[in-house]
Amino acid sequence: MYGGGYIFDEPNKKQLREEQQHDDPEKLAIFEARISKGEKIEPGDWMPAEYRRQLTRLIEQHAHSEIIGALPEGTWITRAPGFKRKLALIAKVQDEIGHGQLLYNAAETLGKSREAMINDLLSGKSKYSNVFNYPAKTWADVTVIGFLIDAAAIVNQVANAKGSYGPYCRALERICYEESFHLKQGHDALISLATGTPMQKAMLQDALNRWWQPIMHFFGPPDKVSQHSEKLMQWRVKMASNDEMRNQFLDTYVPKLWELGLTLPDPLLHKNIETGRWEYTDPDWDLFFKVINGGGPCNQERLQVRRWAEEEGRWVRKALMNPKERRALPVA
Amino acid sequence: MNAALQKAITTLITSMADDALILGHRNSEWTGLGPIMEEDIAFSSMAQDKIGHAWALYRILQEHLGGEDPDQFAFIRAAKDFTCCHLAELPISSYDFSLMRHFLFDHAEAVRYESLQQCSFEPLQQLSKKVKGELKYHTLHADAWVLQLCRGGEESQQRMQAALDRCFPLAAGIFEPGPQDALLADAGIYPGEQTLYDKWLNTIYPLLVNASLNLPDPAAIPPQYGGRYGNHTPHLQALLQEMGEVFRLDPTAGW
Ligand SMILES: [Fe+2]
Ligand SMILES: [Fe+2]
Ligand SMILES: [Fe+2]
């Protein structure tokens, strides 16, 4: 569904330095000059090894987030209330799979096969957005995901679309276009509950309370502890800091929630008029890392479902790969 | 239009819509879980088309035949009042089953909507033009996939044959005749189930032969009937329970 703002990586400072030493300084200078001029880097172009590695990781995790992100909402396709919501939800989840497809294709241009990426997802080696390790418990959760998670994704994806790698930017342009429909549908469904019966309002408020912390986690740890290197910013792989994106999200969407009479479970949440920045209680970052490392409520389940799908589809993929000559005669 | 004919048209449209809704619902369960991403997306599109057809048919009932609001009619009705065929009700099972069901059902629909191009009930005739166009892509998709999987090695071929054997009596049940068939034929609504069944067999037979599949002997295998009279497999009850779970929390609320 979305690449979270946060891209997981093992500590890599040593690796970064070694690999950079291997890059031809002249080529590196040309490469960096192209980026600072705003040029896009294309698959056949020379690129530093570390650029390739970081981008592969970024796009791959984004792709995984799309197909894993399809699962929490996907479980509500069979229960969506009424034709309009049912059709909108199927179409949305379908779009997310399409995003996954576009992104795997973009990542493949960097040299890693889709199969290898899927294997790394299933083995737990490769991560996806943390937010999908939480359960969608009620229909209201679907509306909160559709509005707020898609909104957060848009903030992140619009930023990334201005990055330096051509195939990723082009995939993101199309994705952002579709995400804007998701946001509209999500908002519409959320408003129905927010302006509905007392039961519907209570259901929505409960969902919002449960999703608030995962949403605050979405863009990743605060800048003061985040280890994203300046290099990634200079190379236009990382386009905005975690705090910048979180602030932009809060600035656009918190007022919309408050306008609907909804509350958010953080008494400190407010906009500082002088700085123009939002202030809030720091979410539990230990929990964030615990969930990323497999300790969230749904990590196991998400990967199990994905494994089932891979296993179940194996014979189909095999059949498509090895078309045999047709049998000489029908046996009828 | 006299009351008997009105009732007969309502019966026909309801079973067509129930088939499309229930099978569209089933097929939508593959969204996000398909065997390859490209097919996941295609299958989901067709599921959306089916649910869309059902919605349009229920709206014809509402607007022209005194029927209920489509959401109320679809999400609240009891299983015994549904008239879908058993083929549509069964769980998605494996992809071989789902694909074969798609092939057999969509060809049945294509034959039906082709016959409705001349329907004397105008709202249905109008809708059938649009639906026919969409079904063309569905049957092309089904044909290509059945063929490809039948030529994709032994395991795949065997799976497709087993799926056909399992689906065939269920698919024949799509054409369960009803007491209204003669009246509808006389009134120029559509030619009746027996005629559609024969046309369907003629359509699928060469395609199956081309895919090296053995068509079960239609004369030796009794069709699985009952759905058109409200007799269903237990799967329908479970499906409807799930489909209406949220809507029933408050059927008068806007969702
Ligand atoms: Fe999404
Ligand atoms: Fe997406
Ligand atoms: Fe989305």
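Each remark here, short or long, concerns the structure printed above.
Residues numbered from 1 in each chain as written. Chains lettered and ligands numbered in written order. Predicted model: local features only at pLDDT ≥ 70, side-chain atom pairs only at ≥ 80, totals over all residues. Heavy atoms only, no water.

Along chain A, the regular secondary structure elements total 13 helices and 2 strands. Its C-alpha atoms give chain A a radius of gyration of 21 Å, within 12% of the compact-globule value 20 Å for 332 residues. Summarising its shape, the C-alpha atoms of chain A cover approximately 75 × 60 × 35 Å along the three principal directions. Of the roughly 14500 Å² that chain A leaves accessible, carbon and sulfur atoms contribute 54%. Averaged over its 44 positive side-chain charges, chain A has a centre that lies 5 Å from the centre of its 44 negative ones. (Helix = DSSP H or I, 4+ residues; strand = E, 2+ residues; numbered from the N terminus. Rg over C-alpha atoms; globule rule 2.2 N^0.38 Å. Areas by Shrake-Rupley, 256 points an atom, 1.4 Å probe, with all protein chains shown as cover. Lys, Arg positive; Asp, Glu negative; His and termini not counted. Charge placed at Lys NZ, Arg CZ, Asp CG, Glu CD.)

The next subject is the coordination of the iron ion (ligand 3). Residues and elements named next belong to chain A. The protein atoms that coordinate the iron ion (ligand 3) are Glu96 (OE), Asp150 (OD), Glu179 (OE) and His182 (ND1), at distances spanning 2.0 to 2.2 Å. In this structure, the iron ion (ligand 3) is surrounded by 4 donor atoms whose angles at the metal cover 82 to 154°, and the resulting shape is irregular. Of note, the iron ion (ligand 3) draws all its donor residues from one chain, in the sequence arrangement E-x53-D-x28-E-x2-H. The distance between the iron ion (ligand 3) and the iron ion (ligand 1) comes to 2.4 Å, and Glu96 binds to both of them. Of this pair, Glu96 sits in helix H4 (residues 83-108) while Asp150 sits in helix H6 (residues 139-160), placing them 54 residues apart in sequence. Exposure remark for Glu96: the relative accessible area of 0% places this residue in the buried category. Note on Asp150: relative accessible area 0%, which makes it buried. (Donors = N, O, S within 2.8 Å, 3.2 Å for Na, K, Ca; no water. Tetrahedral: all angles 85-135°; square planar, octahedral: opposite > 155°, others 65-115°. Buried < 20%, exposed > 50% of the residue type's maximum accessible area, 1.4 Å probe, protein only.)

As a further point, take the side chain of Arg85(A). Here Arg85(A) is to be found in helix H4. Residue classification places Arg85(A) among the buried residues on the basis of a relative accessible area of 9%. Leave out the neighbours within four places in its chain, and Arg85(A) touches Ala80(A), Trp139(A), Gln185(A), Asp188(A), Ala189(A), Ser192(A) and Trp255(B). (Contact = heavy atoms within 4.5 Å.)

All names here are of chain B. Across all of its chains, the model carries 0 disulfides over all chains by this definition. Distance from the sulfur of Cys84, which forms no disulfide, to the nearest cysteine sulfur (Cys85) is 6.6 Å. Note on Cys167: no disulfide assigned, nearest cysteine sulfur contributed by Cys85 at a separation of 11 Å. (Disulfide = S-S within 2.5 Å.)

Let us now look at the nonpolar core. Formed by 179 residues in total, the largest nonpolar core has its most connected members in Tyr51(A), Trp139(A), Phe249(A), Leu21(B), Tyr58(B) and Trp200(B). Counting residues per element, this core draws most heavily on H6(A), at 14 residues. What Phe249(A) contacts, discounting residues up to four positions off in sequence, is Leu148(A), Ala151(A), Ala152(A), Val155(A), Ile215(A), Phe219(A) and Val254(A). (Core = buried A, V, L, I, M, F, W, Y, C linked by side-chain atoms within 4.5 Å.)

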